[in-house]
Amino acid sequence: MEAAQHGDDARPSRAAGPPGAPPVPGAVLLDRLTRLTARLLRAPAALVALADHDRQVVVSAAGPAGRRAGLRSPLPAALRERVEAADGPLVVTDTGADERLRRDRTIGGLEAVACAAFPLHGPDGETLGALCAIDVEPRRWDRAQLELGGDLARTVEEGIALRRPGGERPGGERPEEERTFLQALLDSLDTGVAACDRDGRVVLVNRVLRESRPPLLGVHVGDLAGIYGIFAADGRTPLPPEEVPLARAFAGELVDGQEVVVRTDDRHPCRIIVNGRPIEAADGRRLGAVVAVRDVTDQHRAQALHRAQHAVAGALIDASSREEAATGVVAAVTDALGWVCGEYWQVDPGETGLTRIGLWTRPECDLSAFVGEPRMALRPVRGMLGRVWESGRELWICDLPHDPRDFTRREQALRAGLRAAIALPVRSGRQVLGVLVFYSDTVQERDDGLTALLDGVCAHVGRYMERRRAEELTLALAASRRRFEQIVTHVNDDVWTAEITPDGRARPLYVSTSGAGILGERVPPEERSGGGDMIAIVGRYVHPDDRPVFVAFCERLVSGHPAEAEFRLAGLDGATHWAWIRALPRREGGRLFVDGISTDVTERHRMAEERERLLAEEQRQVRRLRELDRMKDELVALVSHELRSPIGTIRGYVEMLLDDPELGGEHRAFADVIDRKSADLQRLVDDLLDLARLDAGRIAIDPRPVSLTRLLNQSVEDHRPEAAAKRLTVQVDLGRHLRVHADPARLRQVVDNLLSNAVKYTPAGGAVDVAARRDGDEVAVTVADTGIGVPAEQYPQLFGRFFRATTAKEAGIKGTGLGLAIIRAIVEAHGGTVTAAPREDGGTVFTVRLPAEPPQED
């Protein structure tokens, strides 16, 4: 049905019914409620049927189709029985498909195709009748319409309950009482309702909207946008006065589900869905307009939070680095929440400050004065970021201009129009790894649900950052080994000399640091007494489990033998230290002296343990990757080999068909298409097999002396017809008598692929240049074109399997992305190289370098 059919083109009929029939309670108000049902539910007709003995008869009808309804006509018995038995609304999307209703689907004299019937109950629960919305076409009734219909049914029940005891007043109800009663009924609705008169001024609002500030009553529809701050669904675009729903309805439009944002103040923006209709008299005069308003703020926020969760998960899956992850997360959350800026600040390795590695701003917002350079460092860290880093707790700033707390870059933020911010710590256990910050250009009240969501986001980010750190440790294994070698070199932490006395004590003669290196702190003077015995001083701190090692070390020294030992010490700083002590005895004048060096090797032990763990993990990953790579290659080779035979059979039969002179024109065209497509598939299979064989080292390269000049000329001549078809200029500049030591078939495959690509990717009227020259011990072949080119950042990936440049995809040029990978494999199998680079005047230059043929021996 067209939306216009859902309006109310005529007032509903009223009738007292046949002689002797019971009076209709509140008939005038009942008629108005029936009209309101048809209008708000966008139904061609609405009916109220009340119980009359053992049946229900129509007592009020409204809507364009409702004028045809006969008052006092009964509801179908099947419909009445189902309404009386239902606990809620009876919804029928198509009466023709309903076993019980399709035999009699006349309701109130109307042919009803779809129906939503809401039972009416009395104070004691008895069934009084039904409020029915009827459509003349199949229709699905949405949840909001059914809830609104239920509210209207409850309103009708209240009207019947209030009016039934005294019956209808003679002469009808008094207007003032009628308005009072109608206002009370509208106030019982949970949906907001407002109406304007023929002058465009709001004259009726129900309880839901009556609390609006400033008050709605008396406001002209043209002033609503300015007074109440009405914005489009994006929450940022001010709505023109004529686009306000009530103004549109007043202008004669039917408003269906218009979503707007109302900002009466910055702290409490409200998102609403509005339906509206003009109010017209039977003669077409415009009496005003009415709108129904539903608050969907909470639903919209829930949907935004759900979108944010999914977007964060996707960003972390797609990211290949911490920077990409940080930027993806802040972009996903900021955009989903409708805020304007997001940042991720990472704690520096030495915990000396914060560095911003993730930044996203809404494209339509100019925040350059606030954000500055994408990568920024803060040292020292103060304000909101510093408090979150130190405390490990989130921090809300709801209204920045009026918040007294310290805020770094406050002036820049205010100039950029920022009004609120929330900062949250990203943790790994108790350690803070970074801080996530989000900014809004509107005041934001603290939202516990949003805080809980962002806490979950921070947990995801923390786990991701930990994983990335582990991966980076693996990648930095080579650097760790170099640092390890530096750590284990002889560092003279403690240099000492002692004399071994006849009673076996080591009397100290010189100690460079008094044990500060291996014990963590300088030994106090009172601790150094020890009876003048270094063995006793150090022995006091030796770990109980290592005492046998220390005793054996001392026994060797006292006996005059060189000694070396590693053992643990309980340091003065409360930590356990590993000490490495080397000592060399010497005798002078019958006295035994010992010169020694003590080194704190705690870090070496830690690094050794970490290295072993990383090495084991790396070896496991390498074994896994090799196995996966082998399985992939075997699968590709197997599938390609299995496809080759059926493709060959298809091509053979197609050739037989094409050789048949009796094959008709249309069938011959079909056979040509099959031939071309199977040839394309054959080339793809051959390429895959070539790659698999080259990778496995199973493809034979039969090098021999080859005239490169002749081979290039032949290949160029073979491609000239294809180039001529596109009006391409092909120029050749070849050195004379160029020879290489290569497999002629494979070399021709390389040259043909390069020329075929040059012709394919060069637009009509372009040029292709082929050149070859001797360069020292190599021969260089270049194929240059004026084609669509390759983005500079994609050249490193150009020779990868299945890679295709974005320019080729955007141009719609078909390809598999295997040709250049095969070229590289063949060239490298010959001991050569192949490179690609942009041409100065547009296009691409490919250069193949091959070893020149060894000189002929005399």
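Above: the structure in question.
Along each chain, residue indices are assigned from 1 in the same order as the chain's sequence is written. Local features in this predicted model are restricted to residues whose pLDDT is 70 or higher, and side-chain atom pairs enter the listing and the counts only when it is 80 or higher, whereas totals over whole chains, interfaces and linings include all residues. The side-chain quantities take in all heavy atoms of the structure and omit both hydrogens and water.

Description of the overall build of the protein
Right, on to step 1. Where helices and strands are cited, they refer to DSSP runs of H or I of at least four residues and of E of at least two residues respectively, numbered from the N terminus. Along the protein, the regular secondary structure elements total 24 helices and 31 strands.
Right, on to step 2. Each residue gets one of three labels from its accessible area relative to the maximum for its type: buried under 20%, exposed over 50%, partly exposed in between, using a 1.4 Å probe on protein chains only. Evaluated residue by residue, the protein yields a buried proportion of 46% over its 858 residues.
Right, on to step 3. In this description, contact between two residues means that some pair of their heavy atoms is separated by no more than 4.5 Å. Partitioning the intrachain contacts of the protein with sequence separation of at least 6 by distance along the chain shows that 58% fall at a separation of at least 24.
Right, on to step 4. Only the protein chains shown count as cover for residues, and the accessible areas themselves come from Shrake-Rupley with a 1.4 Å probe. A total of about 43,600 Å² of accessible surface is found on the protein, and carbon and sulfur atoms cover 52% of it.

Concerning the packing of aromatic side chains
Right, on to step 1. Stacked, tilted and edge-to-face pairs are distinguished by plane angle, under 30 degrees for stacked and over 60 for edge-to-face with tilted covering the rest, among Phe, Tyr and Trp rings (Trp via its six-membered ring) whose centres lie within 6.5 Å. Evaluated as defined, the whole model comprises five aromatic pairs.
Right, on to step 2. Centre to centre, the rings of Trp 339 and Trp 396 are 6.4 Å apart; their planes meet at 75°, and the pair counts as edge-to-face. Within this pair, whereas Trp 339 is found in the loop between α9 (322-337) and β14 (341-347), its partner Trp 396 is found in strand β17 (residues 395-397), the two being separated by 57 residues in sequence.
Right, on to step 3. According to the relative accessible area criterion, Trp 339 is buried, its value standing at 3%.
Right, on to step 4. Between the aromatic rings of Phe 550 and Phe 567, the centroid separation amounts to 5.3 Å while the plane-to-plane angle is 75°, which identifies the pairing as edge-to-face. Here Phe 550, found in helix α18 (residues 547-558), pairs with Phe 567, found in strand β22 (residues 563-570); they are 17 residues apart in sequence, far enough to count as distant. A single burial state applies to Phe 550 and to Phe 567, both of which are buried.
Right, on to step 5. Within the aromatic cluster, the residues linked to one another by ring pairs are Phe 370, Phe 407 and Tyr 439.

Overview of the side chain of Ser 707
Right, on to step 1. Looking at the secondary structure, you find Ser 707 in strand β25 (residues 704-707).
Right, on to step 2. We define a polar contact as two N or O atoms separated by no more than 3.5 Å, with the added condition that, inside protein, one atom must be a possible hydrogen donor and the other a possible acceptor, whereas residues neighbouring each other in sequence contribute only through side-chain atom pairs. There is a polar contact of 3.3 Å between the side chain of Ser 707 and the backbone nitrogen of Arg 710.
Right, on to step 3. The residues touching Ser 707, leaving out its near neighbours within four places in the chain, are Leu 738 and Arg 739.

Comments concerning the packing of helix α8 (residues 297-318) against helix α13 (residues 448-475)
Right, on to step 1. One way to put it is that α8 packs onto α13 with a least axis distance of 11 Å and a crossing angle of 5°. Regarding the angle of α8 to α13, the classification is roughly parallel. Contact with α8, carried on its side by Arg 301, Leu 305, Ala 308, Gln 309, Val 312 and Leu 316, involves Gly 449, Leu 450, Leu 453, Val 457, His 460, Val 461 and Tyr 464 of α13 and no other residues of that element.
Right, on to step 2. In this classification, the charged set is Asp, Glu, Lys and Arg, the nonpolar set is Ala, Val, Leu, Ile, Met, Phe, Trp, Tyr, Cys and Pro, and all remaining amino acids, among them Gly, are polar. Across the contact of α8 with α13, the residue classes tally to nine nonpolar, three polar and one charged. To obtain each axis, a line is fitted to C-alpha atoms, and for helices this fit is confined to the stretch in contact; angles are then taken between N-to-C directions over 0 to 180 degrees. Note that the term roughly parallel is reserved for angles under 35 degrees, roughly antiparallel for angles over 145, roughly perpendicular for angles of 65 to 115, and oblique for everything else.

Considering a nonpolar patch on the surface
Right, on to step 1. Patch construction takes residues with relative accessible area above 30% that form no salt bridge. Like charges are linked within 9 Å, and nonpolar side chains (Val, Leu, Ile, Met, Phe, Trp, Tyr) are linked within 5 Å. Here, a salt bridge means any side-chain nitrogen of Lys or Arg that lies within 4 Å of a carboxyl oxygen of Asp or Glu. A cluster of nonpolar residues, Val 495, Leu 509 and Tyr 510, forms a patch on the protein surface that exposes about 260 Å² of accessible area.
Right, on to step 2. On the secondary structure map, Tyr 510 appears in strand β21 (residues 506-511).

Comments concerning α13
Right, on to step 1. Compared with the 40 Å implied by 1.5 Å per residue over 28 residues, the 40 Å span of α13 between its first and last C-alpha is a close match.
Right, on to step 2. Tucked into the core, α13 has its buried residues touching α8, α9, β14, β17, β18 (420-428) and β19 (431-440).
Right, on to step 3. Two or three places before Gly 449, at the start of α13, stands the capping residue Asp 447, its side-chain oxygen 2.9 Å from that residue's backbone nitrogen. To estimate how far a helix should extend, the number of its residues minus one is multiplied by 1.5 Å.

Some words on the sheet that holds strand β12 (residues 270-280)
Right, on to step 1. DSSP bridges decide pairing: two strands pair if at least two such bridges lie between them. Pairing is antiparallel in the open sheet, where six strands are placed in the order β9-β8-β13-β12-β11-β10. Unpaired on one side and paired on the other, β9 (202-205) and β10 (230-231) mark the two borders of the sheet.
Right, on to step 2. Both β12 and strand β13 (residues 286-295) contribute to a ladder of nine bridges, which runs antiparallel. In the sheet register, Arg 277 faces β13, and the bridge partner there is Val 290.
Right, on to step 3. Across the sheet, α8 touches β11 (255-262), β12 and β13, and the angle it forms with β12 is around 135°.

Notes on the nonpolar core
Right, on to step 1. Core analysis: the biggest nonpolar cluster contains 42 residues, and Leu 708, Val 740, Leu 754, Leu 798 and Val 848 have the highest contact counts within it.
Right, on to step 2. With seven residues, helix α22 (residues 744-760) is the single largest residue contributor to this core.
Right, on to step 3. Ignoring anything within four residues of it in the chain, the contact list for Leu 798 reads Val 790, Phe 803, Leu 820, Ala 836 and Phe 846.
Right, on to step 4. Nonpolar cores were defined as sets of buried Ala, Val, Leu, Ile, Met, Phe, Trp, Tyr and Cys residues, with membership established by side-chain atoms within 4.5 Å. Core analysis: the second largest hydrophobic core is formed by 34 residues, Ala 308, Val 426, Phe 438 and Leu 450 among them.

Remarks on unusual backbone geometry
If a residue is not glycine, its phi is most likely negative; likewise, a peptide bond is most likely trans.
Right, on to step 1. Following Arg 379, the chain continues into Pro 380 via a peptide bond in cis, with omega recorded as -5°.
Right, on to step 2. If you check the backbone angles, Glu 351 has positive phi at about 55° while not being a glycine.
Right, on to step 3. Following the sequence through the fold, Glu 351 ends up in the loop between β14 and β15 (354-361).
Right, on to step 4. Overall, Glu 351 belongs to the partly exposed group, its relative accessible area being 47%.

Let's talk about the sheet that holds strand β7 (residues 127-135)
Right, on to step 1. Reading across the sheet, the five strands line up as β2-β1-β7-β6-β3 and stay open at both edges, with antiparallel pairing between neighbours. The open sheet terminates on both sides in strands that have one partner only, identified here as β2 (55-62) and β3 (90-92). Neighbour-to-neighbour, the strand axes of the sheet open up by a mean angle of 20°, direction not taken into account.
Right, on to step 2. Direction of pairing for β3 relative to strand β6 (residues 114-121): antiparallel, over a ladder of three bridges. Bridge pairing in β6 places Val 91 opposite Ala 116.

Describing the side chain of Glu 157
Right, on to step 1. Mapped onto the fold, Glu 157 is located in helix α3 (residues 143-163).
Right, on to step 2. Residues contacting Glu 157, with those up to four places away along its chain left out, are Pro 119, Leu 120 and His 121.

Focus on the pairing of β14
Two faces make up the sheet, and in a regular strand the side chains alternate between them.
Right, on to step 1. Buried residues dominate β14, accounting for seven of its seven residues.
Right, on to step 2. On β14, burial covers both faces: Cys 341, Glu 343, Trp 345 and Val 347 on one face and Gly 342, Tyr 344 and Gln 346 on the other are all buried.
Right, on to step 3. Relative to β15, β14 runs antiparallel, the two sharing seven bridges. Each bridged residue has a counterpart across the sheet, and for Trp 345 the counterpart in β15 is Arg 356.
Right, on to step 4. Two successive antiparallel strands, β14 and β15, enclose a turn made up of six residues, where Glu 351 displays a positive phi of approximately 55°.

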